[in-house]
Amino acid sequence: QVQLVESGGGLVQAGDSLRLFCAASGRTFSSLFMGWFRQAPGKEREFVAAISTNGASTYYADSVKGRFTISRDNAKNMVYLQMNTLKPEDTANYYCAAGGPSTNYYYTSRRYSYWGQGTQVTVSS
């Protein structure tokens, strides 16, 4: 079992930055492929970013590429999502997710076995 706890969300203005945190426990963190997803009211959950087990490979949705950066610290069992130049359309509940080490289908929620409860990000215009 893996437990994931997100934090760092909040209310910001367009153009501001936020950093999201995901703390993991319960299983060897370095063997987990990690991802961030988000879900806005009335919309489906969508992929945001993902990172391989050793952090060497990162993946991003086109909508956040160049603005968001995913990273991890395996010594601290932490994953981060640095979000810059935020837009109102980034408003959503952001979820941290964990799964097996494969990089296949990183963009699909079904490949992740563990999920956090989410942290709300609201960007005002």
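Residues numbered from 1 in each chain as written. Predicted model: local features only at pLDDT ≥ 70, side-chain atom pairs only at ≥ 80, totals over all residues. Heavy atoms only, no water.

1. Quick word on unusual backbone geometry
The backbone of N77 shows a phi angle near 55°, a positive value even though the residue is not glycine. Even without a glycine there, the phi angle at T85 is positive, about 45°. Secondary-structure assignment places T85 in the loop between β8 (78-83) and β9 (92-99). (Helix = DSSP H or I, 4+ residues; strand = E, 2+ residues; numbered from the N terminus.)

2. Some thoughts on the state of the cysteines
Here the structure, examined in full by the defined rule, presents 1 disulfide. C22 shares a disulfide with C96; S-S distance 2.1 Å. Across the S-S bond of C22 and C96 the torsion is about -80°, and the bridge reads as left-handed. Of this pair, C22 sits in strand β3 (residues 18-25) while C96 is found in strand β9, placing the two residues 74 residues apart along the sequence. Per residue, the accessibility class of C22 equals that of C96, and both read buried. (Disulfide = S-S within 2.5 Å. Buried < 20%, exposed > 50% of the residue type's maximum accessible area, 1.4 Å probe, protein only.)

3. A few points about the pairing of strand β4 (residues 33-39)
Counting buried positions along β4 gives 6 out of 7 residues, so the element sits mostly inside the fold. Taking the residues that link successive antiparallel strands as the turn, the β4-strand β5 (residues 46-51) hairpin has 6 residues, and the phi of G42 there is positive, at about 80°. (Pairing = 2+ DSSP bridges.)

4. Overview of the side chain of T119
Within the fold, T119 resides in strand β11 (residues 119-124). Residue T119 is classed as buried on the basis of its relative accessible area of 10%. Of note is the side chain of T119, whose polar atom sits 3.1 Å from the backbone nitrogen of G9. When sequence neighbours within four positions are dropped, the list of residues in contact with T119 reads E6, S7, G8, G9, L20, A92, N93 and Y94. (Polar contact = N/O pair within 3.5 Å; in protein donor to acceptor, adjacent residues only side chain to side chain. Contact = heavy atoms within 4.5 Å.)

5. Topic: the pattern of salt bridges
Across all of its chains, the model carries 4 salt bridges by this definition. With a shortest N-O distance of 2.6 Å, E46 and R38 are connected by a salt bridge. By relative accessible area, R38 is classed as buried at 5%. R38 serves as the salt-bridge partner of D90, at 2.9 Å between the closest nitrogen and oxygen. Within this pair, whereas D90 is found in the loop between β8 and β9, its partner R38 is found in strand β4, the two being separated by 52 residues in sequence. Accessibility assignment for this pair places D90 and R38 in one class, buried. If you follow the salt bridges from partner to partner, you end up with R38, E46, R67 and D90 in one network. (Salt bridge = Lys/Arg side-chain N within 4 Å of Asp/Glu carboxyl O.)

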